[in-house]
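Chain by chain, the residues run as shown.
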Amino acid sequence: MKKILLNFLCALVINDTAIADRKVQQNTDITKMLKLAKLGDAKSQLSIAVYYFSKENIEKGDFWLDKALKQEYSVAQTFVGATFYNSDNYASALVWFRK
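Residues numbered from 1 in each chain as written. Predicted model: local features only at pLDDT ≥ 70, side-chain atom pairs only at ≥ 80, totals over all residues. Heavy atoms only, no water.

Novice: What is the right way to look at the overall build of the protein chain in this model?
Specialist: Looking only at helices and strands, the protein chain has 6 helices and 0 strands in total. Each helix and strand of the protein chain, ordered N terminal to C terminal, gives the series α-α-α-α-α-α. A total of 99 residues make up the protein chain; the buried ones form 36% of that total. Here the analysis covers contacts within the protein chain between residues at least 6 apart in sequence; of these, 46% occur between residues at least 24 apart. For the protein chain, the exposed area adds up to about 6600 Å²; of that, 56% sits on carbon and sulfur atoms. (Helix = DSSP H or I, 4+ residues; strand = E, 2+ residues; numbered from the N terminus. Buried < 20%, exposed > 50% of the residue type's maximum accessible area, 1.4 Å probe, protein only. Contact = heavy atoms within 4.5 Å. Areas by Shrake-Rupley, 256 points an atom, 1.4 Å probe, with all protein chains shown as cover.)

Novice: So what exactly am I meant to see when it comes to the nonpolar core here?
Specialist: The tendency in soluble globular proteins is for nonpolar side chains to be buried side by side. In terms of nonpolar packing, the biggest core is built from 17 residues, with L34, L46, I48, Y52, W64, L65 and A76 touching the most fellow members. Of all elements in the fold, only α2 (31–38), α3 (42–54), α4 (58–70) and α5 (74–86) reach the threshold of two or more residues within this core. Broken down by element, the residue count for this core peaks at 6 residues, all from α3. Sequence-distant contacts of L46, that is, excluding residues within four places in its chain, are made with L65, A68, Y73, V75, A76 and F79. (Core = buried A, V, L, I, M, F, W, Y, C linked by side-chain atoms within 4.5 Å.)

Novice: Honestly, unusual backbone geometry in this entry has me stumped. Any pointers?
Specialist: Residues other than glycine predominantly adopt negative phi, and peptide bonds predominantly adopt the trans conformation. Within the chain, E56 stands out as a residue other than glycine whose phi angle is a positive 60 degrees. Looking at the secondary structure, you find E56 in the loop between α3 and α4. Positive phi outside glycine occurs at D88, with the angle close to 65 degrees.

Novice: I'm lost on the packing of α3 against α5 in this one. Help?
Specialist: Two quantities define a packed helix pair, namely the angle between the helix axes and the distance between the axes. Interhelical geometry of α3 versus α5 gives an angle of 30 degrees and a closest axis separation of 10 Å. On the basis of their axis angle, the class for α3 and α5 is roughly parallel. For the pair formed by α3 and α5, the contact residues are L46, V50 and F53 on the first element and V75, A76 and F79 on the second. A breakdown of the residues in the contact of α3 with α5 according to their chemical character gives 6 nonpolar, no polar and no charged. (Axes fitted to C-alpha atoms, helices over the stretch in contact; angles between N-to-C directions. Parallel < 35°, antiparallel > 145°, perpendicular 65-115°, else oblique. Nonpolar A, V, L, I, M, F, W, Y, C, P; charged D, E, K, R; others polar.)

Novice: How should I be thinking about the packing of aromatic side chains in this particular structure?
Specialist: All chains considered together, the criterion is met by 4 aromatic pairs. With centroids separated by 5.1 Å and ring planes inclined at 65 degrees, the aromatic side chains of Y85 and Y90 adopt a geometry described as edge-to-face. (Phe/Tyr/Trp six-rings, centres within 6.5 Å; stacked < 30°, edge-to-face > 60°.)

Novice: Please explain the side chain of Q45 as it appears in this structure.
Specialist: Mapping Q45 onto the fold places it in helix α3. By relative accessible area, which is 3% here, Q45 ends up buried. Those residues within four positions of Q45 in sequence are excluded, and the remaining contacts are A37, G40, W64, K67, A68 and Q71.

Keep in mind these numbers describe shape, not what the thing actually does.
Here it is, written out as structure tokens:
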């Protein structure tokens, strides 16, 4: 049962981050999203992080992900959990899924 729940949560996070990534990519002017992120909007911060990760700019991605995590944004926490889960680090994934 726990494995089914973890698989479901991973699929949910991957889907949500894919949608966020598409929204940022479709918006050729990411300035608006960056402005919202700088104002403290956690959803925008995660979207910008996913955008930078997709462009392989890990440093900027980590910066914005950290901002969203500091606000205890649950989708960002689940994103980190899914990252650990996909790396077969189930113990760390579980810590993040429980937050």
